[in-house]
Amino acid sequence: MSYDFDKIYDRNGTLSSKWAVEEVFGSTDVLPLWVADMDFPVAEPVLKILKERLKHPIFGYTRVSPSLYESVRNRLYLKYGWEVEEDWIVITPGVMPAVNAAVCAYTSLGGRVAIQSPVYPPFWSSISANARKASVNRLKLVKGRYTVDFDDLGSKFADEKAECMILCSPHNPGGRVWTKDELVKMGEIVVGSGGVMISDEIHGELILKGYNHVPFASISNEFAMSSVTCFAPSKTFNIPGFHASVAIIPNKELRRRFDDARGGIMGSPGLLGLAAMEAAFRYGDEWLEQVLDYIKKNVDYALAFFQERIPEIKPMEPEGTYLIWLDCTKLELSAEELKAFFIEEAKVGLNDGSAFGAGGEGFMRLNV
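Residues numbered from 1 in each chain as written. Predicted model: local features only at pLDDT ≥ 70, side-chain atom pairs only at ≥ 80, totals over all residues. Heavy atoms only, no water.

1. Overview of the nonpolar core
As a rule of thumb, soluble globular proteins bury nonpolar side chains together. Core analysis: the biggest nonpolar cluster contains 38 residues, and Val46, Trp287 and Leu326 have the highest contact counts within it. Of all elements in the fold, only helix H2 (44-54), helix H10 (271-283), helix H11 (285-309), strand E12 (323-327), helix H12 (335-346) and strand E15 (363-367) reach the threshold of two or more residues within this core. Ranked by residue count, the leading element in this core is H11, at nine residues. Once residues within four sequence positions are removed from consideration, tryptophan 287 is found in contact with Tyr3, Phe5, Met38, Pro41, Val42, Ala43, Thr236, Phe237 and Asn238. (Core = buried A, V, L, I, M, F, W, Y, C linked by side-chain atoms within 4.5 Å. Buried < 20%, exposed > 50% of the residue type's maximum accessible area, 1.4 Å probe, protein only. Helix = DSSP H or I, 4+ residues; strand = E, 2+ residues; numbered from the N terminus. Contact = heavy atoms within 4.5 Å.)

2. What to know about the environment of serine 2
Mapped onto the elements of the fold, serine 2 is located in the segment before helix H1 (21-25). Take serine 2: its relative accessible area is 65%, and that puts it in the exposed class.

3. As for the packing of aromatic side chains
A full pass over the atoms with the stated rule returns 15 aromatic pairs. Arranged with centres 5.7 Å apart and planes meeting at 85 degrees, the rings of tyrosine 120 and phenylalanine 123 form a pair that is edge-to-face. According to the relative accessible area criterion, phenylalanine 123 is buried, its value standing at 0%. In this structure an aromatic cluster arises from ring pairing among Tyr3, Phe5, Phe40, Phe237, Trp287 and Tyr294. (Phe/Tyr/Trp six-rings, centres within 6.5 Å; stacked < 30°, edge-to-face > 60°.)

4. Some points on the packing of helix H4 (residues 95-106) against helix H9 (residues 252-262)
Across the interface, H4 lies against H9 with an axial gap of 8 Å and an inter-helix angle of 110 degrees. Comparing their axes, H9 and H4 come out roughly perpendicular. Note that H4 runs across H9; the crossing there is right-handed. Residues Ala98, Ala101, Ala102, Cys104, Ala105 and Tyr106 of H4 pack against Leu254, Arg255, Arg257, Phe258, Ala261 and Arg262 of H9. Its residues assigned to classes, the contact of H4 with H9 shows nine nonpolar, no polar and three charged. (Axes fitted to C-alpha atoms, helices over the stretch in contact; angles between N-to-C directions. Parallel < 35°, antiparallel > 145°, perpendicular 65-115°, else oblique. Left-handed = near helix turned anticlockwise from the far one by under 90°. Nonpolar A, V, L, I, M, F, W, Y, C, P; charged D, E, K, R; others polar.)

5. Focus: the sheet that holds E15
Taken in spatial order, the four strands make up an open sheet running E11-E12-E15-E14, and their pairing is antiparallel. The sheet terminates laterally at strand E11 (314-316) and strand E14 (351-352), the two strands that pair on one side only. Sheet topology places E11 next to E12; three bridges connect them, and they run antiparallel. Its bridge partner being in E12, lysine 314 is matched across the sheet by aspartate 327. Where H11 meets the sheet, it contacts E11, E12 and E15, and its direction lies at approximately 15 degrees from that of E12. (Pairing = 2+ DSSP bridges.)

Given below as structure tokens:
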């Protein structure tokens with residue numbers, strides 16, 4: 001079926017976090033283009049399956065269906081040629097709870113976690129809130145595109161004795177889709193040093209034409225046995241409110257340590273989240289293909305707009321995600337002045353780049 005992504009839905013009354021603009025930005029006259037949440041209706045097969053489940057009037061404790069495990073395995077093989085075993089799959093209530101559990105599982109109290117900056121803000125709190133320390137591998141901005149400083153990354157493990165790394169793949173906020181060669185080099189450093197790679201691949205299916213996402217653990221058995229791959233249908237299929245996700249942990253000992261770390265704290269998603277996740281994985285591709293085409297048009301529009309109308313702001317062209325990282329440093333405004341400019345003058349609510357860590361100052365993140 002054909003989807004109409006131009007239709008405007010009034011999200012008032014839905015308790016939408018994205019549209020709580022007065023609470024977030026201190027004004028009602030702001031267009032919210034910040035949090036990674038689409039204003040698009042979800043795929044019809046997902047709605048259909050949820051409606052069918054809601055016809056039964058009892059919503060008790062729910063087991064994970066064998067068919068859900070099958071849908072995860074089938075999707076990873078279909079998309080990436082990656083064959084995973086059922087017992088590698090851990091169903092989790094969100095990628096960030098899984099990342100937090102992994103940090104606790106694979107590092108010691110006060111231990112170091114390698115992190116590439118700037119990066120998704122909750123990564124930072126997953127380190128500090130769990131009494132660990134960040135070893136910051138600053139990304140290099142080369143010709144408007146982020147690249148990895150491999151020598152510096154190596155020092156985080158050789159000199160600072162980092163015990164694991166949190167990888168954002170594809171990268172948020174920069175939109176980089178790391179190449180296989182880049183992933184191999186990062187893996188050789190992390191795994192070669194005895195560390196564990198915690199790979200957040202939540203945007204792995206939001207890839208623009210001309211680029212290909214490679215799951216870190218799919219590269220080699222060595223990488224698979226020293227990694228945790230976290231992903232979810234939430235960003236891809238616009239169902240983040242269900243808090244349903246997956247962790248792939250091939251190494252039995254790492255899986256045990258992960259389960260120990262999350263024990264008593266993290267359960268599984270609710271029954272509707274499980275149903276929505278399986279439906280999206282099985283039947284969401286027709287919708288997703290149309291969404292990706294629409295996002296690409298929005299990206300092209302935004303890039304052209306900045307070039308023609310606001311050349312002082314340099315957008316980083318994304319290879320994946322629906323986020324554009326805006327270099328506003330030529331405006332020569334402080335972080336507070338930059339936020340005030342977008343809210344009070346441009347009337348647009350964006351994510352403040354300084355929240356993404358070192359290298360994010362003077363940038364803003366735009367959701368298209």
